[in-house]
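# Coordinate analysis (summary)
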Amino acid sequence: MESRTQKSEPARRRFIGRALGLVLATGVTLSAIPLVRSLLPSRSRQIAGAPIEVDLDTISPGEQILITWRGKPIWILRRTSEMIQRLRISDLEARLRDPLSQQDQQPPYARNDLRSIHPDILVVIATCTHLGCIPKFHPETGQMGFDSEWPGGYFCPCHASKFDLAGRVFKGVPAPLNLVIPPHRFTDHNTVIIGEGPVVE
Ligand code: FES
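Attention here is on the structure that accompanies the text. (Residues numbered from 1 in each chain as written. Predicted model: local features only at pLDDT ≥ 70, side-chain atom pairs only at ≥ 80, totals over all residues. Heavy atoms only, no water.)

## Observations regarding the nonpolar core
The criterion, for reference: The criterion is simple. A nonpolar core is a set of buried Ala, Val, Leu, Ile, Met, Phe, Trp, Tyr and Cys residues joined through side-chain atoms within 4.5 Å. A 1.4 Å probe rolled over the protein chains alone gives each residue an accessible area, and that area as a share of the maximum for its type sets the label: buried under 20%, exposed over 50%, partly exposed in between. Helix numbering and strand numbering both begin at the N terminus, where a helix is a DSSP run of H or I of at least 4 residues and a strand a DSSP run of E of at least 2.
Of all hydrophobic cores here, the largest spans 26 residues; its most connected members are Tyr154 and Phe163. Secondary-structure elements contributing two or more residues to this core are β3 (72-78), α3 (81-87), β4 (121-125) and β8 (153-156). Ranked by residues supplied to this core, first place goes to α3 with three residues.

## With respect to the sheet that holds β8
Basically, it comes down to this: We treat two strands as partners when DSSP finds at least two bridges between them. Geometry is summarised by axes, namely lines fitted to C-alpha atoms with helices restricted to the contacting stretch, and by angles between N-to-C directions that run from 0 to 180 degrees.
A sheet is described by the order of its strands in space; here three strands give the open sequence β5-β8-β9, paired in antiparallel fashion. Either end of the sheet is taken by a strand with one partner, and the two such strands are β5 (136-138) and β9 (161-164). When strand polarity is set aside, the average angle formed by the axes of neighbouring strands in this sheet is 25 degrees. Alignment of β5 against β8, held across three bridges, turns out to be antiparallel. Bridging across to β8, Lys136 finds its partner in Phe155.

This is how it looks when you write it as structure tokens:
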């Protein structure tokens, strides 16, 4: 006849095994929580600078919208073909300080005469490079109070700096540099993501 001690030994082993399994399972579960959390961007990081997707469907040719990214105002302008032609007139280039975007005011993929990925869509930070005012959008052309041969663009009312419809600064104004082009990429022609560059395949 088995003693009481001999009878309880297998039961005791089963108990220890179950308890150990429970501890291990709980430990794995608990240690997984911070890992998952660390993979998700925190709300503060999202607010601080996560990329944002913008639908451009509602912008008609010649119009622009104003959005905010990283606390900065961003214009997205849908240029007409006439606006694009005007930007390529050499007479205009002669009036500009940095017509070919030599200064580091844009990502490499926007270092071209239109300072954009697609000719018709301009994405630009709406902050004057003089002292940070927000310039005004003046797409009209011709005689203006601030320019007798205005080609269309942005006029800063604070100290009269002028930029064309590619955000290129004019000569002889206080602003020293072109407006800044933020990183951006398109997922299709009517959807842009601000805060990320094009995916390199
Ligand atoms: S802040 Fe725009 S011209 Fe001075």
